[in-house]
Protein chains: 2
Amino acid sequence: MPESHPAPHRFPVTVDVVALTVRDGELNVLLITRLIEPFKGKPALPGGFVLAGEDLQEAAVRELAEETGVERLPGYLEQLGSYGPKGRDPRGDVLTVAHLLLAPDFPVLAAGSDAEHAAWYPVTEVPELAFDHARILDDALERAKSKLEYSPLGAAFCGEEFTIAQLRAVYEAVWGTRLDPRNFHRKATGTPGFLEDTGRMTTGDAGRPAALFRLAPESRPTAGHPARAVLNPPLMRPRNGAAG
Amino acid sequence: MPESHPAPHRFPVTVDVVALTVRDGELNVLLITRLIEPFKGKPALPGGFVLAGEDLQEAAVRELAEETGVERLPGYLEQLGSYGPKGRDPRGDVLTVAHLLLAPDFPVLAAGSDAEHAAWYPVTEVPELAFDHARILDDALERAKSKLEYSPLGAAFCGEEFTIAQLRAVYEAVWGTRLDPRNFHRKATGTPGFLEDTGRMTTGDAGRPAALFRLAPESRPTAGHPARAVLNPPLMRPRNGAAG
DNA sequence: CCAAAAGTGTTTTTAATACACCCATGG
DNA sequence: CCATGGGTGTATTAAAAACACTTTTGG
């Protein structure tokens, strides 16, 4: 930190959120349609300016709540990285701090209230985005993929309680691969500190009922400690080619 | 990004750099001593305000150059994360974007020019730091450790050419463990896309001369693509306890 | 009774670890 | 010729991948 005797330059700062969920076996991202210039009418990541006195994460939660109509945000939120400030907003230099939300499928306000209209898009069918949001989304997807390997955060896509098959569907959707149900079952239930059996079972579905699990206490992210437990050995994602 | 009709609040933004190197088998961090308030006389991470028209990485490189007297920065620089803006600077809300530099041991300007006095400190002997820099340093160390597992960036601590033993010393210093020289040698040389034999050998040291390697082209970080290649399978760091 | 999905056991293959041993130099 | 570190080969152990099979529900 500096001595710079002249007053330092001050930047407008925004937060943007890449909210991901799994619906129908596909990874989806939450996008809004911009109601004003610049990029009016274009889809973009939800977000907005950080207010005086606000912290970054606070601002991210507030903006997401405003733009989806959801007050109590589900899932797991972490910082992704900062972009700019140079040349990413036609209005001038704006620094943005991107965030990543991994959440169970939650309903967004169908028609826009005062805010912009938000909706889920499969990540394979994302239209052209405003600002540098395409790049931010790319970075977020890569981050999400590696998060699943080394942390218990795959469960952030599920509700409180879930079956191993539901959890596996998350991994398959995020990684875009198929996983052997039997090996995945063993790996997930056999990793110490990952899952906890609720004792309860599903009912009503086709086939044999499945046991319901929840995240083990030591794997639940708590305020201050983003994602505490580490999956070791990792739940390896199948790699296609060689390194490089 | 927002519609907010009132003008958005503007924040001073700083960059801070956690510059790490390995000297005498120990991981070291570069610290400056503050010449002005706040925290005058206290050690801190090098950094300073982002100027109008500057990008984050540009600002980080400039500040580091100013405070160390080194114009052409060696090593690998990446963004670590953003902190604040609330309550981390007594002068008011300042957002800081922390960066991580992994570099070969380079000499810093001994006595302060106009700038603050910079010096290397073993990470095991870091004094109390200004601002929230202790937390930033902790995050940087954790990031550096995991970087070494999954990316070829261990070599960023070495010069252009290095021996396997030098590379191993880096891993041992960063991870704080001992590694079997023979298994490490096989793993490092056997990982496709990691190292490239220069054909040249060391000479003058005790013992048998060692082959000199450099990073393979596909593993060298390029502008825009921070760290391209992935080490797969990873160069595993020995874990002590179980997960959790 | 059949289909569908859950869950367990077993074999095969691969990679990590441990460690014996030889190689090439400086003193 | 011996100490020092570089480099290779090999046995042992652990884990990942592949897949046969049993269990428990709904129709």
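Residues numbered from 1 in each chain as written. Chains lettered and ligands numbered in written order. Predicted model: local features only at pLDDT ≥ 70, side-chain atom pairs only at ≥ 80, totals over all residues. Heavy atoms only, no water.

> Go over the overall build of chain A with me, naming the residues and quoting the values.
The secondary structure content of chain A amounts to four helices and nine strands. When burial is assessed residue by residue, chain A has 50% of its 244 residues classed as buried. Taking contacts inside chain A between residues at least 6 apart in sequence as the whole, the part at least 24 apart equals 64%. Entry remark: accessible area of chain A is about 11,100 Å², with carbon and sulfur atoms responsible for 52%. (Helix = DSSP H or I, 4+ residues; strand = E, 2+ residues; numbered from the N terminus. Buried < 20%, exposed > 50% of the residue type's maximum accessible area, 1.4 Å probe, protein only. Contact = heavy atoms within 4.5 Å. Areas by Shrake-Rupley, 256 points an atom, 1.4 Å probe, with all protein chains shown as cover.)

> Residue-level account of the protein's contact with DNA strand D, with values.
Neighbouring residues of DNA strand D: 20 residues in total, closest Arg182(A), Lys187(A), Gly207(B), Arg208(B) and Ala211(B). A share of 51% is what sugar and phosphate atoms reach among the atoms of DNA strand D within 4 Å of the protein. Within the side chain of Arg186(A), one N or O atom sits 3.3 Å away from a base nitrogen of DNA strand D. In the model, a phosphate oxygen of DNA strand D is placed 3.4 Å from a nitrogen or oxygen of the His185(B) side chain. Among the secondary structure elements, those contributing two or more residues to the surface near DNA strand D are α4 (181–190) of chain A together with α3 (164–175) and α4 (181–190) of chain B. No other element matches α4(A), which puts four residues into the surface near DNA strand D. Across the surface near DNA strand D, the residue classes break down as six nonpolar, four polar and 10 charged. (Near = heavy atom within 4 Å. Polar contact = N/O pair within 3.5 Å; in protein donor to acceptor, adjacent residues only side chain to side chain. Nonpolar A, V, L, I, M, F, W, Y, C, P; charged D, E, K, R; others polar.)

> Describe the protein's contact with DNA strand C, with residues and values.
Looking at DNA strand C, there are 20 residues lining it, with Ala165(A), Ala211(A), Arg182(B), Asn183(B) and Lys187(B) nearest. The contact atoms of DNA strand C, taken as those within 4 Å of the protein, divide so that sugar and phosphate hold 54%. In this structure, a base nitrogen belonging to DNA strand C sits 2.9 Å away from a side-chain N or O atom of Asn183(B). Elements with a minimum of two residues in the surface near DNA strand C: α4 of chain A together with α4 of chain B. It is α4(B) that provides the largest number of residues to the surface near DNA strand C, a total of four residues. Taken together, the residues that form the surface near DNA strand C break down as seven nonpolar, four polar and nine charged.

> Hey, could you go over the pattern of salt bridges for me, with residue numbers and the actual values?
Any two side chains of opposite charge can pair, on the condition that their charged atoms come close. The final tally for this structure, using the stated rule, is 33 salt bridges over all chains. Among the ionic pairs, Arg178(A) bridges to Glu172(A), the shortest N-O distance being 2.9 Å. Since its relative accessible area comes to 71%, Arg178(A) is described here as exposed. The buried category is assigned to Glu172(A), whose relative accessible area is 10%. With a shortest N-O distance of 2.8 Å, Arg88(B) and Asp132(B) are connected by a salt bridge. You can see Arg88(B) sitting in the loop between β5 (76–83) and β6 (95–102) and its partner Asp132(B) sitting in the loop between β7 (117–122) and α2 (133–150), a full 44 residues away along the chain. Looking at Asp132(B), the relative accessible area reads 18%, which means it is buried. (Salt bridge = Lys/Arg side-chain N within 4 Å of Asp/Glu carboxyl O.)

> Explain the packing of aromatic side chains to me, and be specific about the residues and the numbers.
Throughout the structure, instances matching the rule amount to eight aromatic pairs over all chains. The interplanar angle of 80 degrees and the centroid separation of 5.2 Å between the aromatic rings of Tyr171(A) and Trp175(A) together place this pair among those described as edge-to-face. Linking Tyr171(A) with Trp175(A), this pair stays in helix α3 (residues 164–175), spanning four residues, or about one helical turn. Centroid distance Phe106(B) to Trp120(B): 5.3 Å. Interplanar angle 75 degrees. Geometry classified as edge-to-face. Separated by 14 residues along the polypeptide, Phe106(B) in the loop between β6 and β7 and Trp120(B) in strand β7 bring together distant segments of the chain. (Phe/Tyr/Trp six-rings, centres within 6.5 Å; stacked < 30°, edge-to-face > 60°.)

> Explain the nonpolar core residue by residue, including any values.
Within soluble globular proteins, side chains that are nonpolar tend to cluster in buried spots. With 52 residues, the main nonpolar core has Val13(A), Leu101(A), Val13(B) and Leu101(B) as its most contacted residues. When residues no more than four places from it in sequence are discounted, the contact partners of Val13(A) are Gly48(A), Phe49(A), Val50(A), Leu95(A), Val97(A), His9(B), Phe11(B), Val13(B) and Leu95(B). (Core = buried A, V, L, I, M, F, W, Y, C linked by side-chain atoms within 4.5 Å.)

> Give a detailed account of the confidence of the model for chain A, specifying residues and quantitative values.
Mean pLDDT for chain A: 86, with 86% of residues reaching 70 or above. Counting interchain partners and residues more than four positions distant, the pLDDT-below-50 stretch residues 240–244 of chain A has four contacts. (pLDDT = per-residue confidence, 0-100.)

> Tell me about the packing of α3(B) against α4(B), and name the residues and values.
Residues and elements named next belong to chain B. Axis separation between α3 and α4 bottoms out at 10 Å; the angle between their running directions is 105 degrees. It follows that α3 is roughly perpendicular to α4 by the angle criterion. On α4, the residues touching Ile164, Leu167, Arg168 and Tyr171 of α3 are Pro181, Phe184, His185, Ala188 and Thr189. Within the contact of α3 with α4, the residues separate by chemical class into six nonpolar, two polar and one charged. (Axes fitted to C-alpha atoms, helices over the stretch in contact; angles between N-to-C directions. Parallel < 35°, antiparallel > 145°, perpendicular 65-115°, else oblique.)

> Explain unusual backbone geometry residue by residue, including any values.
Residues and elements named next belong to chain A. The omega torsion across Gly84 and Pro85 is 0 degrees, close enough to zero to call that bond cis. Positioned with a positive phi, Phe131 is a non-glycine residue whose angle comes to about 55 degrees. Of note, Phe131 is situated in the loop between β7 (117–122) and α2 (133–150). The buried category is assigned to Phe131, whose relative accessible area is 12%.

> Can you tell me about helix α1 (residues 56–68) of chain B, naming the residues and giving the values?
All names here are of chain B. With 13 residues, α1 should reach 18 Å at 1.5 Å per residue; the first-to-last C-alpha distance of 18 Å fits that figure. Every buried residue belonging to α1 is among Leu56, Ala59, Ala60, Arg62, Glu63, Leu64, Glu67 and Thr68, and all of these are buried. Downstream of α1 by one or two residues, Gly69 has phi in the positive range, about 80 degrees. (Expected span 1.5 Å × (residues − 1).)

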